[in-house]
Structure formats: C-alpha cells, structure tokens
Amino acid sequence: MSNDGPRSDERLLVIAVDGPVASGKTVVGRAIATRLGWAMLDTGIMYRALTRTALERATPLDDPKRLTDLAQSVELRVEPPQPGSAETAAIYIDGADATPHLREKRVEVSVSAVAAVPGVRERMVAAQREIVRRGRMVMVGRDIGTVVAPDALVKIYLDASPEVRAKRRAAEMRAGGLDVSDREVLEDLHSRDALDAGRATSPLRAALGAAHLDTSDLDLEGAVAAAIRIVERRLPLEITECAP
C-alpha cells in the first residue's frame, strides 16, 4: 500500500495519535479533542466492527481473501457517538449498529488478526482518509501518522511497558464485566504487539517527526497533560488561541 495520504498545499488540520494497545491513546486523544473543540475518532472501532461482523457471519478469521471480500462488500458508516456513549463514534455495518458489541471478548481476542489482513487495512484506510479530509480531527490508531494522515499537523506516538499496558487493559476489561487476569491479558498483548509490528501492511511504528511520549510512569492525568503540552508547542498559535 502506498503511504500517500490526502495532501494539499497546507498540512491537514489533524492530530494523529498512534501507539500500541493500552498505551492511553483514546483517553489522550479525547482530552486533546475536548481542549481544541475538535472531533475525535478511535479508528480501532472500525476494525472491531468488521471483526464482529465476520464472527456473526461465520467468516473464517484465517482466510485473508474471505475477510478482504467482506471488508470490501459491507457498507460501513461512521457517525457521531450517541449521547452517553463511551465510544468515540457510532459505527454501522450494512445499516446495523455494531457499537454495543465492540468490546465483546470474542472481538477483543480476534481483532488484531483481522486488522493484519492487507485487504482489510486497505479498505479501512480508504474510509479513514475520507473522514480525515473533513479536518479539525483528532484521529487515534496505529498507522494514522504513517499512512492515513502523514501530513497531520501534529503526530504523537504513545507507548508504555507491556506490563503497565497489560495492567491497564485488564482493569478496563474487568470494569466492562469481563473475567480476565493480568497474566492472561499480558500474554494476549504480546501476541497483538507482534501482529501489529510485524504485519506487511501498515506496521505499527512511530511516524517520522512524531513526538514520542512514554506513559509508563504517568497516571492518566499526567499523560493527558504531557500530550496537551506537545500539541500546544506544535500547533500554530492561531489554532490554539481559537480553542474553547
């Protein structure tokens, strides 16, 4: 896949936040969006929605061609989140609302394998590039600064140690009603990291020029504060001055 994202004479009014699972991307991205009054999208939910659809339709998760065909054939619609929703958007597949099912355990354990399929990523990246053209967007994912929006105004790469990330994700999953242990989540996280970094299409890596922020020793408040300082240093002054 080419890394040529949408380009113009000016850099996109987009902030790209990338990083591995449970590095704090969604919390940080949401806080930045709130600070600027911009829209925010965690692109991971698009892959989750397709994974859930594949499971519902008994599409073999080890068949890249079938998964690619599914990704290319469905109608995917991303809309603003419903009031009170914990998600950053509402997502529909062939008119059906997939949003309530995105955090199911079967989706959790399968999404990285689905997202690693080149044809799936090509379909999702094309959709994300259409969304990003709207501008004034904080977009969170694993290939936003490298592939989806390489001309983003600000690129941040969040990271943390695997142990810290596993602890965070396990707590999040238990809060959502899933019965998981820290060790179980750590083992899954190692597998997902390997898939994300080793895939042929859009591998996880820091974008050229991205600010690297390690959140291992930061609580959420500290991580958000550090990320906002990066944004305020890198965004043109006239943009930050117009923020609410």
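Residue positions are given per chain, counted from 1 along the sequence in the order it is written. In keeping with the model being predicted, local features are shown solely for residues with a pLDDT of at least 70 and side-chain atom pairs are shown and tallied solely at 80 or more, while totals for entire chains, interfaces and linings include all residues. Side-chain metrics in this entry use all non-hydrogen atoms of the structure; hydrogen atoms and water are not considered.

**Q** How should I be thinking about the overall build of the protein chain in this particular structure?
**A** When helices and strands are counted, the protein chain shows eleven helices and eight strands. Scaling as 2.2 N^0.38, a compact globule of 244 residues should have a C-alpha radius of gyration of about 18 Å, and the protein chain matches this with 17 Å. Here the C-alpha coordinates of the protein chain stretch approximately 50 × 40 × 35 Å along the principal axes. For the protein chain, buried positions account for 53% of its 244 residues. The contact criterion used is simple: two residues touch if any of their non-hydrogen atoms lie within 4.5 Å. Residue pairs at least 24 apart in sequence account for 72% of intrachain contacts in the protein chain once pairs closer than 6 positions are excluded. For every accessible area listed, the method is Shrake-Rupley and the probe measures 1.4 Å; residues are considered covered only by the protein chains on display. Per element, the accessible surface of the protein chain, about 11300 Å² overall, is 51% carbon and sulfur. By definition, any uninterrupted DSSP run of H or I lasting at least four residues is a helix, any uninterrupted run of E lasting at least two residues is a strand, and each is numbered from the N terminus. We take the radius of gyration over the C-alpha atoms and set the globule estimate at 2.2 Å times the residue count to the 0.38 power. Between buried and exposed lies partly exposed: a residue is buried under 20% and exposed over 50% of the maximum accessible area for its type, with that area taken using a 1.4 Å probe on protein chains only.

**Q** What is the right way to look at the sheet that holds strand 2 (residues 39-42) in this model?
**A** Picture the strands of a sheet paired through backbone hydrogen bonds; they go either parallel or antiparallel. Spatial strand order, 2-6-1-7-8: five strands in an open sheet with parallel pairing. At either end of the open sheet lies a strand with only one pairing partner, and these are strand 2 and strand 8 (211-214). Between one strand axis and the next, the sheet turns through 20° on average, direction left out of account. Strand direction decides the pairing type here: strand 1 (residues 12-18) and strand 6 (residues 137-141), joined by five bridges, are parallel. When the bridges of strand 6 are listed, Ile15 appears paired with Val138. Each pair of strands is called paired provided DSSP finds at least two bridges between the two strands. Angles shown run from 0 to 180 degrees and are taken between the N-to-C directions of axes, each axis being a line fitted to C-alpha atoms and, for helices, limited to the stretch in contact.

**Q** Where do I start with the sheet that holds strand 5 (residues 96-97) in this structure?
**A** Spatial strand order, 3-4-5: three strands in an open sheet with antiparallel pairing. Of all the strands in the sheet, just strand 3 (76-79) and strand 5 have a single pairing partner and so form its edges. In terms of strand pairing, strand 4 (residues 90-93) meets strand 5 through two bridges, oriented antiparallel. Residue Ile93 lies in a different strand from strand 5, and its bridge partner there is Ala96. Against the sheet, helix 2 (residues 44-56) contacts strand 3 and strand 4, and its axis sits at roughly 35° relative to strand 4.

**Q** How should I be thinking about the nonpolar core in this particular structure?
**A** Proteins that are soluble and globular tend to have nonpolar side chains buried together. What makes a nonpolar core is a set of buried Ala, Val, Leu, Ile, Met, Phe, Trp, Tyr and Cys residues whose side-chain atoms join them at distances within 4.5 Å. Membership of the largest hydrophobic core comes to 38 residues, with the highest contact counts inside it found for Leu41, Met46, Leu50, Val78, Ile91, Val120 and Met139. If near-sequence neighbours (up to four positions away) are discounted, Leu41 is found in contact with Met46, Val78, Thr88, Ala89, Ile131, Met137, Val138, Met139 and Val140. In this structure, Val140, Val154, Val224 and Ala227 belong to the second largest nonpolar core, which totals 25 residues.

**Q** Can you help me understand helix 3 (residues 64-73) in this one?
**A** Of the positions making up helix 3, those classed as buried are Leu67, Thr68, Leu70 and Ala71. The arc enclosing the buried residues of helix 3, seen along the axis, measures out at 160°, which places them on a common side. Away from its buried face by more than 90 degrees, helix 3 exposes Lys65, Gln72 and Ser73. At its buried positions, helix 3 is contacted by helix 2, helix 5 (111-115) and helix 6 (118-132). The backbone nitrogen of Lys65 has a side-chain oxygen 3.2 Å away, supplied by the residue at the start of helix 3, namely Asp63. Note that the arc is computed from the directions linking the helix axis to the C-beta atoms. Nitrogen and oxygen atoms within 3.5 Å of one another constitute a polar contact, given that in protein one can donate a hydrogen and the other can accept it, and given that sequence-neighbouring residues count only through two side-chain atoms.

**Q** Help me out: how do you make sense of the side chain of Arg165 in this one?
**A** With respect to the secondary-structure elements, Arg165 resides in helix 8 (residues 162-175). For Arg165, a relative accessible area of 3% gives the class buried. At a separation of 3.0 Å, a polar atom in the side chain of Arg165 contacts the main-chain carbonyl oxygen of Ala160. Those residues in contact with Arg165, other than ones at most four positions away along the chain, are Pro20, Val21, Ala22, Ser23, Asp159, Ala160, Leu189 and Asp193.

**Q** Which parts of the structure should I look at to understand the packing of helix 2 against helix 3?
**A** Across the interface, helix 2 lies against helix 3 with an axial gap of 11 Å and an inter-helix angle of 115°. Crossing of helix 2 against helix 3: the hand is right-handed. Across the interface between the two elements, Leu50, Thr53 and Ala54 of helix 2 pack against Leu67, Leu70 and Ala71 of helix 3. The hand of a helix crossing depends on one turn: near helix anticlockwise from the far one by less than a right angle means left-handed, and clockwise means right-handed.

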